[in-house]
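The primary structure of each chain is shown beneath.
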Amino acid sequence: MEDFIYAVTRIHIHERDLLTRKDLEALVSASTLDEAYSVLAAKGWDTRQNLDPEALVNSEYDKTWDLIIEAAGDLEELNVFRLERDYHNIKAALQLVYVGEPRSNWDSYFMRGGSVSLNKIISAAETQDFGSLPKEMALAAKQGWDALCEVCSGQMCEIIIDRATLLAIDRAGKSSSSDLIRRYANFTVDMANVKIAARCHMMRKSKDFMQRAIAPGGALNADDLINAALAENDEQEDYSLAHFLRETHYSGATDADSPGAFERWCNDELMKLIRPQRNVISGVEPLAAYILAREAEIGQVRLILSAKVGAVGESALQERLGATYV
């Protein structure tokens, strides 16, 4: 493995501009959007060019990858962090083509920063020729399109693509030489599957539905997770999703008593995973940690700015305000 000492040194310098917990609390406490922008401007966010909150956070995501590529090149091993955007774009393109949405309205549906060209994805969706896409993406796109056309089910299309996303992340993690990336992939797949199982439980979905939605990957056994959700539906008091998780290394998740608290727990666990990389001087792991740290803070800022626009109270934000990398 390359040591990437130069790239890691550059990244560690940029870590000084990452938001701290104090910065996030200042954002939450800001009485206006302009005050929040002042906090971000002091940390190097380009609020002068991007007054729209969504444009601002998108530009920061672009800056993150521009820095990584400039410092270390376009490393394929880091594409695991871009897969969710690729598959989201496939899903969006298929559905836009299917419903006949005018092209002039498409931009807001896509996510920037994927590893596959957006033009390639759009062209594949428009022609239903998916051969130009990576093999697993092409298969998921074909199955998603068939669900739209043969079953007329947008929900089934989403389930197929979302499951394929998790399988892709799982494959990327298992093939990586980095322990950090493998652990990230396991955690990401596991937490997504837990959320799906919880939603299926609340909606009293069948075992067949869960098997189509939950991906067989990560560290958790998918069949055991499904059985726990089904047992809870059957009101078996001696077994439940919470009981299942208590028997795993994710037992801390059972203390979360709301969706917001669960999201905060997930964020904090991720920070625990990547924080040791702040003291590492070589390897791909500090680069991966920086990407995840930036994605986490950008997500927190998006949430806070959206709340400012929607006049959401501080208490609702504080519930989800998690740990930071620095």
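Here the structure is a predicted model, which means the values were calculated and not measured.

Before we go on, may I ask you to explain unusual backbone geometry in this structure?
For residues besides glycine, phi is generally negative; the peptide bonds are generally trans as well. A positive phi angle, close to 55°, is found at Cys 152, a residue other than glycine. Along the polypeptide, Cys 152 turns up in the loop between helix 7 (135-150) and helix 8 (154-175).

Please clarify how the pattern of salt bridges should be interpreted in this entry.
Once the charged atoms of two side chains with opposite charge are near each other, the side chains can pair. In this structure the tally under the stated criterion is 18 salt bridges. The partner of Glu 54 in a salt bridge is Arg 302, and the shortest N-O contact between them spans 3.0 Å. Here Arg 302 lies in helix 14 (residues 285-310) and Glu 54 lies in helix 4 (residues 53-72), a separation of 248 residues in the sequence. Between Lys 63 and Glu 60 there is a salt bridge, with its nearest N and O atoms 3.0 Å apart. Here the residue Lys 63 and the residue Glu 60 both occupy positions in helix 4, the gap between them amounting to three residues, near one helical turn. On the basis of relative accessible area, Lys 63 is assigned to the partly exposed category, the value being 36%. On the basis of relative accessibility, which here comes to 1%, the residue Glu 60 falls in the buried class.

Looking at this structure, I do not really get the packing of aromatic side chains. What am I missing?
Working definition: an aromatic ring pair is given by the centre-to-centre distance plus the angle between the planes. Tallied over the full model, the rule gives seven aromatic pairs. Taking the centre distance of 6.2 Å and the plane angle of 25° together, the rings of Phe 262 and Trp 265 count as stacked. With a gap of three residues between them, Phe 262 and Trp 265 both fall in helix 13 (residues 259-274), about one helical turn apart. Taking the relative accessible area as the measure of exposure, Phe 262 reaches 13% and is therefore buried. Members of the aromatic cluster, connected to one another through ring pairs, are Phe 187, Tyr 250, Phe 262 and Trp 265.

Explain the side chain of Asn 89 here, please?
Note on placement: Asn 89 falls in helix 5 (residues 83-99). For Asn 89, a relative accessible area of 1% puts it in the buried group. Apart from residues lying up to four places away in sequence, Asn 89 is in contact with Phe 110, Met 111, Leu 118 and Ile 121.

Looking at this structure, how should I read the packing of helix 13 against helix 14?
If you want to describe how two helices pack, look at the angle between their axes and the distance between the axes. Contact pair helix 13 / helix 14: the axes reach a minimum separation of 10 Å and the direction vectors enclose 155°. With respect to their mutual orientation, helix 13 and helix 14 come out roughly antiparallel. In this structure, helix 13 crosses over helix 14, and the sense of that crossing is left-handed. Of the residues in helix 14, those in contact with Asn 267, Leu 270, Met 271 and Ile 274 of helix 13 are Ala 289, Leu 292, Ala 293, Ala 296 and Gln 300. Per-class residue counts for the contact of helix 13 with helix 14 are seven nonpolar, two polar and no charged.

Could you clarify how one ought to interpret helix 7 in this entry?
Side chains of residues three or four places apart in an α-helix project in the same direction, reflecting 3.6 residues per turn. With 16 residues, helix 7 should reach 22 Å at 1.5 Å per residue; the first-to-last C-alpha distance of 22 Å fits that figure. Looking only at helix 7, the buried set comprises Met 137, Ala 138, Ala 140, Ala 141, Gly 144, Trp 145, Ala 147 and Leu 148. Packing partners of the buried residues in helix 7 comprise helix 5 and helix 8. Just past helix 7, the residue Cys 152 takes up positive phi, approximately 55°.

Here is what the cut-offs are and how they apply
- Residues numbered from 1 in each chain as written.
- Predicted model: local features only at pLDDT ≥ 70, side-chain atom pairs only at ≥ 80, totals over all residues.
- Heavy atoms only, no water.
- Helix = DSSP H or I, 4+ residues; strand = E, 2+ residues; numbered from the N terminus.
- Salt bridge = Lys/Arg side-chain N within 4 Å of Asp/Glu carboxyl O.
- Buried < 20%, exposed > 50% of the residue type's maximum accessible area, 1.4 Å probe, protein only.
- Phe/Tyr/Trp six-rings, centres within 6.5 Å; stacked < 30°, edge-to-face > 60°.
- Contact = heavy atoms within 4.5 Å.
- Axes fitted to C-alpha atoms, helices over the stretch in contact; angles between N-to-C directions.
- Parallel < 35°, antiparallel > 145°, perpendicular 65-115°, else oblique.
- Left-handed = near helix turned anticlockwise from the far one by under 90°.
- Nonpolar A, V, L, I, M, F, W, Y, C, P; charged D, E, K, R; others polar.
- Expected span 1.5 Å × (residues − 1).

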